[in-house]
Amino acid sequence: MLLITGFASLYFGKTFIANQQAVIEKAAMLQKKNTLSNIDHFGKDIGLLFYHNKFSLANAPNAWAAFANGQRDINPYLISVTMLGLEGQIYDTDINNPVSLLLGNMDLSFVFIFLFPLVIIAFSYNLLSEQKESGVWSLLRAQTNQSFQVIWQKFLVRVAVIFSVALFLLFVTILYLHLPVDFIFFSITALIMFYLTFWFAVSFFIISLAKSSNFNASALVAVWVLICIVIPASLNLFLTRKYPMPEALQHVINQREGYHEKWDMAKEVTMKPFFEHYPQLKQYPFPQEKTFSWFWYYAMQQMGDDQAVASRRAIENKLAARQRFTNTFAFFFPTIQTQLGINNMAGSDLNAHLDFQQAVRKYHEKIRLHFYPSIFLNKAVDSTDIKDYKLEKYSPQQRPSVWVNLLSISILTVILIGTTAFNFKRQ
Amino acid sequence: MPNRISTIAKQTFKTALNNRATLALTLLLGLSLGLATYVGWQNFKTQNNQRLHYKELVRAQWLAKPDKHPHRMAHYGYLAFREKHELSFFDFGIESFAGVSIFLEAHKQNTVNFSEAGFSNGMLRFGEISVAMVLQLLVPLLIFFLGYNSISAERESGTLKILLCQNVSWKQLLWGKTLGIIGVCLSIFIPLMLLTILLWASLSHWQISADASLRLMVLVFSYAIYFFIVSAVTVLVSAFARSSKSALTTLLACWIFFMVIMPRITQAIGVKIYPSPSKVAFADAIATDIHKQGDSHNPDDPHYAAIKDSLLKTYGVTDVKKLPFNYGGYIMAEGEKITSKIYSNHQKELNKIFEKQNSITKVAGFINPYLSLKHISMAITAADFDTFIDFQNQAEAYRYQLAQKMNKLQIDKISNIAPGEEEKPLAISKANWAEQPDFNYQFGKLSSVITNELLALSALTCWLLATVMLLQYTTRWIKTI
């Protein structure tokens, strides 16, 4: 059953990422086509051209994103922006079906984190109690004083089976997704192995309490429900309560006001801070007497962003606080810890998206500073190199690591094993 | 004869609560439900107050804008916020996964941004503790633990034979056990619903509408039916299973498959069969259709030549500058009409695709009562997909109306003679801004909810009938020993 769901989830995971890649390819083609079409329609007025023309940056999925879709279905992986105010564009969502988002993705990390523990429970819950209930246990104890070893060996067999299935699935993953055997692969494999060991430790612990089969099954399923569903969900509830995000709505308002109010103010109010931000642009003659000029217009757009910097920082701080909260509690709950670790490695978590947004900001500035001179001097569109611009791909700079995740899971496992050994000694 | 059923029911009820483990579980569940209700209610207040605060701010800022050209106001646009229904504290539905604010401006349609999910780092995907989640997901687990050995334990300890010899019929036994288990559920469910009603009333500031009351009634009813179905299934499995242990394993396996695995699979299948376009493809399709019609910002655009000629003829002038109204505004109004229509058509098709994607999960409700109840619950608490689409439609209608109002103001009140490059821009008085009403979202009525969820409702009813029939008529196949 594990293999079936494993293969199914691999298939869905790969399809999901293949879709994203196909979209990125298409977007690259569309950018070229749209740029030419825009030049065709608006080529006479360079300011107007850049009002309409979009530049795209793509967060190409890491090969492992098919394994753990993470937040890639919620956060846009392709951001297309014009040269206008960035903060009003960068938060635009993709086209999603919220019901699909609610029900979640069918990917391999789901199988490993949610389903494997259930199989482990199913295999091991009646290891000892079955012997007891069928009367074999008393026979066994009478025959040998190494009864503990017998149980231990039975246990090891099950461990071996589960681990080989897991490794087999990982092996198939490498082949199916064409993944290189590198640091990321070893990190993820280690995480999964530690996680499965944790669950074996939990099962073994419950068995060592020497209760009936029914009790074991119920207790183990209750533990599963608790740490796979109830506790993460409750923690999330407290998180949203403790750290709501009104900053986001305030940010949109700030950016909008910061830009629009400038229309009714003297041009000085816009140009002074604009030139303070970019002193190198002072060299271009500013048409003060004209009621409207593209120079003034683009400066106003930038003012919208500049005035929203504080609220943007506020959003970032809030998100960082949330992350700290999650990380603290993840230390105690291997389910959350493993999912966070895997998402981190696969580059499909929120932090990866935030880094992507920063990259978009940098790219936006680069484009603006490159094309500002042509716009301010009102040059002809053909004198710029806009036709050479194509879709850019973003690649993350940092190498994530999962040492903390591995550490916390192993500590918990060791504690459990210790208690189990103690329980068995008592018997 | 009904006496026997109630006796058995009462006895089942008492034994269940006497068992320490199940009592602990029941209390724990009750407590977590209370907690979920309270925190959900608080969350609702915070979130909704936030949105209302910004709604007022946006309105105040709109009215405070000084005299200017109405087209500037059209580009300034409006910010609309998606409000929550009072009942949504009960079932979050897609709330956290759908955006909260949308920027409405002329010429351009934007997305609804800032969903809670966009701020989450993955913990949200484990699930959300809402009252609905506990009732839909965890109470069945409780029922399974309560009832897995209701018949099989009697069989294994030999008391079953004694009962049947004492002229207790199988039907009475099955019904009695089922009702006893439901009794335990109701002992949590009823106080909870009373608490819910209290909190809901306080959220609506004690102004209870008939629509919301009806919604609440249908909600309570649906959940009660669901509990009956689950209890009946438990007792039946216990009756037909070979041993208590196999009954338990079967029930747990069912729980895992139907409630954890199946929803994801059916939705993944739906998405695969009916793929939706990406944003770039969607925008490109719209842009292609629009470019066929021309650019309204440019009054000399050839596509609008026909309109221009007919206007010149009607007013008997030779130049558009001599028309008695603002020609640029007129053309923009035409352009807005055309582009909005194109966009709405594409949006409708997109929503149809999403509905088809969701249909697989909906149809699966016929084999999985959990999915049916989920849909009904979300729909009644206005936290479902249809409500979200409704919000998008209302927002788009408002956007269109705002753009056309500004265009009308331009046509009527702005001079047709454009000012020179260095002259002051034309403007109208700020008193005009108040003529544009605020965006007020209206929730749908219960009748539309029922029509939308007919499939889920009929699935749940089918399950109800099926379980009743099974309880009544399958007794001959149950082993006594």
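A. Molecular detail of the overall build of chain A. Counting its secondary structure elements, chain A contains 16 helices and three strands. Here the C-alpha atoms of chain A give a radius of gyration of 29 Å, more than 25% beyond the 22 Å that 2.2 N^0.38 yields for 427 residues. Projected onto its principal axes, the C-alpha positions of chain A cover 105 × 40 × 35 Å. The buried share among the 427 residues of chain A stands at 47%.

B. Up close: the overall build of chain B. Across its full length, chain B carries 16 helices and three strands. For 481 residues, the compact-globule formula gives about 23 Å, and the C-alpha radius of gyration of chain B, at 30 Å, lies well above that figure. In chain B, which comprises 481 residues, the proportion classed as buried is 46%. Partitioning the intrachain contacts of chain B with sequence separation of at least 6 by distance along the chain shows that 83% fall at a separation of at least 24.

C. How the structure looks around the nonpolar core. Leu196(A), Ala80(B) and Val134(B) are the most contacted members of the largest nonpolar core, which has 199 residues in total. Contacts of Val134(B), omitting those with residues within four sequence positions, involve Leu29(B), Ser32(B), Leu33(B), Ala36(B), Ile129(B) and Val139(B). Core analysis: the next-biggest nonpolar cluster, separate from the first, contains 38 residues, Phe55(A), Tyr298(A), Val360(A) and Phe376(A) among them.

D. Representation of the interface of chain B and chain A within the structure. Across the contact, 74 residues belong to chain B and 71 residues belong to chain A. If you list the elements that add at least two residues to the side of chain B that touches chain A, you get α2 (20-64), α3 (70-76), α4 (131-147), α9 (244-273), α10 (279-291), α12 (327-363) and α14 (385-413) of chain B. When residues of the side of chain B that touches chain A are assigned to their parent elements, the largest contribution, 14 residues, is made by α9(B). Among the residues forming the side of chain B that touches chain A, the class breakdown is 36 nonpolar, 23 polar and 15 charged.

E. Region of interest: the confidence of the model for chain B. Of the residues in chain B, 98% reach a pLDDT of 70 or more, and the chain-wide mean stands at 88. For this predicted complex, the interface score ipTM comes out at 0.90, while the overall pTM is 0.91.

F. The arrangement of the sheet that holds strand β1 (residues 78-81) of chain B in detail. Spatial ordering of the open sheet is given by β1-β2-β3 (chain B), a layout of three strands whose pairing is antiparallel. Strands with a single pairing partner mark the edges of an open sheet, and in this sheet they are β1 and β3 (112-113) of chain B.

G. Structural context of the sheet that holds strand β3 (residues 392-393) of chain A. Residues and elements named next belong to chain A. In space, the three strands of this open sheet follow the order β2-β1-β3, with mixed pairing throughout. Where the open sheet ends on each side, the last strands, each with one partner, are β2 (78-81) and β3. In this structure, strand β1 (residues 55-58) lies alongside β2, joined through four bridges in antiparallel fashion. Across the sheet, the residue bridging to Ser56 is Ser80, located in β2.

H. Examining unusual backbone geometry more closely. Residues and elements named next belong to chain B. Phi at Asn167 is positive, roughly 70°, even though this residue is not glycine. Mapped onto the elements, Asn167 comes out in the loop between α6 (159-165) and α7 (170-203). The backbone of Ala382 sits at a positive phi, close to 55°, despite the residue not being glycine. You can see Ala382 is positioned in the loop between α13 (369-380) and α14.

I. Looking closely at helix α10 (residues 246-260) of chain A. Residue and element names in this part refer to chain A. Between the first and last C-alpha of α10 there are 21 Å, a value that for 15 residues agrees with the 21 Å anticipated at 1.5 Å per step. In terms of burial, α10 is largely enclosed, as eleven of its 15 residues are buried. Restricting attention to buried positions, one finds in α10 the residues Glu247, Ala248, Leu249, His251, Val252, Asn254, Gln255, Arg256, Gly258, Tyr259 and His260.

J. Layout of the packing of helix α9 (residues 213-242) of chain A against α2(B). Between α9(A) and α2(B), the shortest axis-to-axis distance is 10 Å and the interhelical angle comes to 30°. Accordingly, the angle class assigned to the pair α9(A) and α2(B) is roughly parallel. Seen along the crossing, α9(A) lies across α2(B) with a hand that is left-handed. Every residue of α2(B) that contacts α9(A) at Leu237(A), Thr240(A) and Arg241(A) is listed here: Val39(B), Gln42(B) and Asn43(B).

K. Here's a closer look at the pairing of strand β2 (residues 101-104) of chain B. Residues and elements named next belong to chain B. Here β2 shows two buried faces, one formed by Ser101 and Phe103 and the other by Ile102 and Leu104. As paired strands, β1 and β2 are joined by four bridges and run antiparallel to one another. Bridge pairing links Tyr78 to Leu104 in β2. Bridge count between β2 and β3: two bridges; the pairing is antiparallel. Across the sheet, residue Ile102 finds its bridge partner in β3, namely Val112.

L. Local environment of the environment of Ala308(A). Residues and elements named next belong to chain A. Within the element layout of this structure, Ala308 appears in the loop between α12 (294-307) and α13 (309-330). For the pair Ala308 and Asn254, spaced 54 residues apart in sequence, the C-alpha to C-alpha distance is 5.5 Å. The contacts of Ala308, once residues within four sequence positions are left out, are Glu87, His251, Asn254, Gln255 and Gly258.

M. Representation of helix α11 (residues 267-277) of chain A. Residue and element names in this part refer to chain A. Within the sequence span of α11, burial applies to Lys267, Thr270, Met271 and Phe274. Buried positions in α11, seen along its axis, are confined to an arc of 85° and lie on one side of it. Across from the buried face of α11, at angles greater than 90 degrees, the exposed residues are Glu268, Lys272 and Glu276. On its buried face, α11 sits against α12.

N. Fine view of the packing of helix α1 (residues 2-42) of chain A against helix α4 (residues 108-124) of chain A. Residue and element names in this part refer to chain A. At their nearest, the axes of α1 and α4 sit 9 Å apart, and the two run at 165° to each other. The orientation of α1 relative to α4 falls into the category roughly antiparallel. By crossing handedness, the relation of α1 to α4 is classed as right-handed. Taking contact as the criterion, the partners of Leu2, Thr5, Gly6, Ser9, Leu10 and Gly13 in α1 are, on α4, Leu108, Phe110, Val111, Leu115, Phe116 and Val119. Split by residue class, the contact of α1 with α4 holds eight nonpolar, four polar and no charged.

Conventions and cut-offs
- Residues numbered from 1 in each chain as written.
- Chains lettered and ligands numbered in written order.
- Predicted model: local features only at pLDDT ≥ 70, side-chain atom pairs only at ≥ 80, totals over all residues.
- Helix = DSSP H or I, 4+ residues; strand = E, 2+ residues; numbered from the N terminus.
- Rg over C-alpha atoms; globule rule 2.2 N^0.38 Å.
- Buried ≥ 20, exposed ≤ 12 C-beta atoms within 10 Å, placed from the backbone.
- Contact = placed C-beta atoms within 7 Å.
- Core = buried A, V, L, I, M, F, W, Y, C linked by C-beta atoms within 7 Å.
- Nonpolar A, V, L, I, M, F, W, Y, C, P; charged D, E, K, R; others polar.
- pLDDT = per-residue confidence, 0-100.
- Pairing = 2+ DSSP bridges.
- Expected span 1.5 Å × (residues − 1).
- Axes fitted to C-alpha atoms, helices over the stretch in contact; angles between N-to-C directions.
- Parallel < 35°, antiparallel > 145°, perpendicular 65-115°, else oblique.
- Left-handed = near helix turned anticlockwise from the far one by under 90°.
- Arc of directions from axis to C-beta.

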